[in-house]
Amino acid sequence: MTDARRRALLAGLAASPAALLGAKPGAAQEAAAAAAGLVSSNVCLLAVEVTEGPYYLDPGLVRADIAEDRPGVPLELLVQVVDEDCRPLAGARVDVWHCDAGGNYSGFADQGSDAAASTEGQTFLRGTQMTDAGGLARFRTIYPGWYRGRTAHVHHKVFLDDTNVLTGQIFFPDALSQYIYDNVPPYDARTGARDTVNASDGIAAQAGEGAYAGLREAPGRYVASLVVGVDPASVSGAGAAGRPAGPPPDGGGHAPGAGGEAAGDDAGDGAGDGARLGAALVPGAT
């Protein structure tokens with residue numbers, strides 16, 4: 001495909017309603033994304049750099065399956081790395097890490113919203129993959145849990161020739177997250193209510209709509225896809241400023257419905273439409 005043809009396809013995607021957060025792409029938009037070599041119909045843009053957070057580790061685990069012993073809803077995560085012209089970048093290193101269903105990151109003390117758990121010496125829900133010829137890195141994991149002050153998210157880093165060119169986070173539909181947290185073990189065993197949704201998470205706002213994964217149902221799992229645009233000449237500046245004691249820091253969030261109209265609207269979707277959507281998507285749900 002010529003660069004001119006690729007740009008024309010991408011321009012069509014950007015102008016379509018499916019480019020808006022939460023919209024389901026139509027057949028034409030999905031076909032255009034496929035023709036451009038993209039795994040998701042999300043618009044291909046340079047990804048926004050956001051905080052690394054305090055719980056990044058590089059345990060040197062090159063593996064696709066990062067779940068280890070953590071129970072949860074199976075999730076296949078597809079991260080496609082492309083340059084500013086949406087050309088796939090082969091051989092890029094992608095690191096991902098996220099919390100488990102209880103809100104705990106591996107490798108640190110004082111985990112969970114109550115800071116009561118220690119996971120020191122553990123490596124669950126962390127791993128590295130190299131992108132293939134299509135710029136694609138695949139991970140098998142579980143749907144991320146939540147902790148106070150943050151919406152559901154997965155952290156990622158992209159390296160080119162050992163240089164960290166991007167640090168970002170991946171976000172998920174609130175409706176599906178809320179249904180899983182309310183109805184599916186072990187997420188539903190949590191005490192206390194989830195206090196932050198996408199619209200009230202400051203880091204999600206900073207990352208923008210391009211950081212939201214496309215979700216689809218597959219046999220026995222969900223598949224989350226995100227196209228991550230990087231500038232090969234850039235160097236990531238989103239490092240962690242020390243390892244604070246206590247639970248993971250929040251993203252400036254607040255309780256749904258308690259901090260503004262947008263949060264109230266989003267929380268309403270999670271409680272109403274979320275249950276209907278989740279019941280249709282969660283494997284085995286009735």
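This text gives an overview of the structure that appears in the document. Model, not experiment: these values are computed from the prediction.

1. Quick look at the sheet that holds strand S1 (residues 74-82)
Within the open sheet, the four strands sit side by side as S4-S1-S8-S7. Their pairing is mixed. Both edges of this open sheet fall to strand S4 (136-142) and strand S7 (214-218), since each of them pairs with a single strand only. Across the sheet, the mean angle separating the axes of adjacent strands is 20° when strand polarity is ignored. Here S7 runs beside strand S8 (residues 221-229); their pairing, made up of five bridges, is antiparallel. In the strand pairing of S8, Ala218 is matched with Arg221.

2. Some details on the pairing of S4
A large share of S4 lies buried, amounting to five of its seven residues. Here S1 pairs with S4 via seven bridges, running antiparallel. Note that in S4 the partner of Gln80 across the bridge is Leu136.

3. Topic: unusual backbone geometry
With an omega dihedral of -5°, the bond running from Pro185 to Pro186 counts as a cis peptide bond. For Pro186, the location among the structural elements is in the loop between helix H3 (174-183) and helix H4 (202-207). One non-glycine residue, Leu125, lies in the positive phi region at around 60°. Turning to its location among the elements, Leu125 is positioned in the loop between strand S2 (93-97) and strand S3 (126-130).

4. Description of the sheet that holds strand S6 (residues 163-171)
Whenever strands of a sheet pair, they do so through backbone hydrogen bonds, lying parallel or antiparallel. Pairing in this open sheet of four strands is antiparallel, and the strands run S3-S2-S5-S6 from one edge to the other. Looking at strand neighbours, the two that pair on one side only are S3 and S6, the edges of this open sheet. Averaged over all neighbouring strand pairs, the angle between strand axes comes to 20°, with direction disregarded.

5. Structural notes on the nonpolar core
Judged by nonpolar contacts, the single largest core of 39 residues is most densely connected at Phe172, Ile180, Tyr187 and Val230. Apart from residues lying up to four places away in sequence, Phe172 is in contact with Leu75, Tyr143, Pro144, Ala152, His153, Val154, Ser177, Asn198, Tyr212, Ala213, Leu215 and Ala224. Core analysis: the second largest hydrophobic core is formed by eight residues, Trp97, Tyr105, Tyr147 and Phe159 among them.

Definitions and limits used
Along each chain, numbering runs from 1 in the same order as the chain's sequence is written. In keeping with the model being predicted, local features are shown solely for residues with a pLDDT of at least 70 and side-chain atom pairs are shown and tallied solely at 80 or more, while totals for entire chains, interfaces and linings include all residues. The side-chain quantities take in all heavy atoms of the structure and omit both hydrogens and water. Note: two strands are recorded as paired if DSSP finds a minimum of 2 bridges between them. A run of H or I in DSSP counts as a helix once it spans at least four residues, and a run of E counts as a strand once it spans at least two, with each numbered from the N terminus. An axis is simply a line fitted to the C-alpha atoms; with a helix, the fit covers only the stretch in contact. Between two such axes, the angle follows the N-to-C directions and lies from 0 to 180 degrees. Exposed residues in this analysis have more than 50% of their type's maximum accessible area, buried residues have under 20%, and partly exposed residues fall in between, with area computed by a 1.4 Å probe over protein chains only. Only buried residues count toward a nonpolar core. Its members are Ala, Val, Leu, Ile, Met, Phe, Trp, Tyr and Cys residues joined through side-chain atoms within 4.5 Å. When checking whether two residues touch, look at their non-hydrogen atoms; a contact exists if any pair is within 4.5 Å.

Without other data, these values stay purely geometric and don't point to any function.
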